[in-house]
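The residues making up each chain are set out below.
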Amino acid sequence: MITINALKEYGANVDEGLTRCMGNEALYLKLVGTITAEPKFDKLKECIDAKDLDGAFENAHALKGVVGNLSLTPLYDPLVDITDHLRAREDMDYEPLITEILAQRDKLS
């Protein structure tokens, strides 16, 4: 079970995340706990592997919103990067960003 201290060490802006949850620590921790099982991470990777930039954008954008609302900055930053590149439909190697996103997600386990 993730703790507030562990999230602070991870680099999350816990105060901001708690504010969005009206100071309800149990709710905040519950929501953060759902992130690692979020299927949109796998869908994002599958879309990138299939060169489906539209599908990848939809998944990245949705994840960015959820992660941003929880103020999970180390995960949010690469999601912002990939979303911006996908929005522009850039022909590039997305693998380093996917690797970083999944590594940051896994640190929340």
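Anyway, here's the lowdown on the structure attached to this text. (Residues numbered from 1 in each chain as written. Predicted model: local features only at pLDDT ≥ 70, side-chain atom pairs only at ≥ 80, totals over all residues. Heavy atoms only, no water.)

### As for the overall build of the protein chain
Of regular secondary structure, the protein chain possesses seven helices and zero strands. Tracing the protein chain from N to C terminus, the helices and strands come up as α-α-α-α-α-α-α. Computed over C-alpha atoms, the radius of gyration of the protein chain comes to 14 Å, within 12% of the 13 Å expected from 2.2 N^0.38 for 109 residues, which places it in the range of a compact globule. A principal-axis box enclosing the C-alpha atoms of the protein chain has dimensions of 40 × 20 × 20 Å. (Helix = DSSP H or I, 4+ residues; strand = E, 2+ residues; numbered from the N terminus. Rg over C-alpha atoms; globule rule 2.2 N^0.38 Å.)

### Thoughts on unusual backbone geometry
Positive phi, close to 55°, is recorded for Met22, a residue that is not glycine. Note on placement: Met22 falls in the loop between α2 (14-20) and α3 (25-34). One non-glycine residue with positive phi stands out, namely Ser71, at about 60°. Looking at the element boundaries, Ser71 is found in the loop between α5 (53-69) and α6 (73-87). Ser71 gets classed as buried once you look at its relative accessible area, which sits at 3%. (Buried < 20%, exposed > 50% of the residue type's maximum accessible area, 1.4 Å probe, protein only.)

### Observations concerning the pattern of salt bridges
If you walk through the whole model with that rule in mind, you get six salt bridges. With a closest N to O distance of 3.2 Å, Lys45 and Asp49 form a salt bridge. Within this pair, Lys45 and its partner Asp49 are both found in helix α4 (residues 40-49), separated by four residues, close to a single helical turn. The partly exposed category is assigned to Lys45, whose relative accessible area is 24%. Classification of Asp49 as partly exposed rests on a relative accessible area of 48%. For Arg89, the salt bridge is made with Asp54, and the minimal N-O distance between the two is 2.6 Å. Of this pair, Arg89 sits in the loop between α6 and α7 (95-106) while Asp54 sits in helix α5, placing them 35 residues apart in sequence. Among the residues examined, Arg89 registers a relative accessible area of 47% and is labelled partly exposed. (Salt bridge = Lys/Arg side-chain N within 4 Å of Asp/Glu carboxyl O.)

### Quick look at the environment of Leu102
Checked against the element boundaries, Leu102 lands in helix α7. Given a relative accessible area of 18%, Leu102 falls into the buried group. Distance in space between the C-alpha atoms of Leu102 and Ala6 is 18 Å, their sequence separation being 96 residues. Those residues in contact with Leu102, other than ones at most four positions away along the chain, are Phe41 and Lys45. (Contact = heavy atoms within 4.5 Å.)

Nothing here speaks to function; it is geometry throughout.
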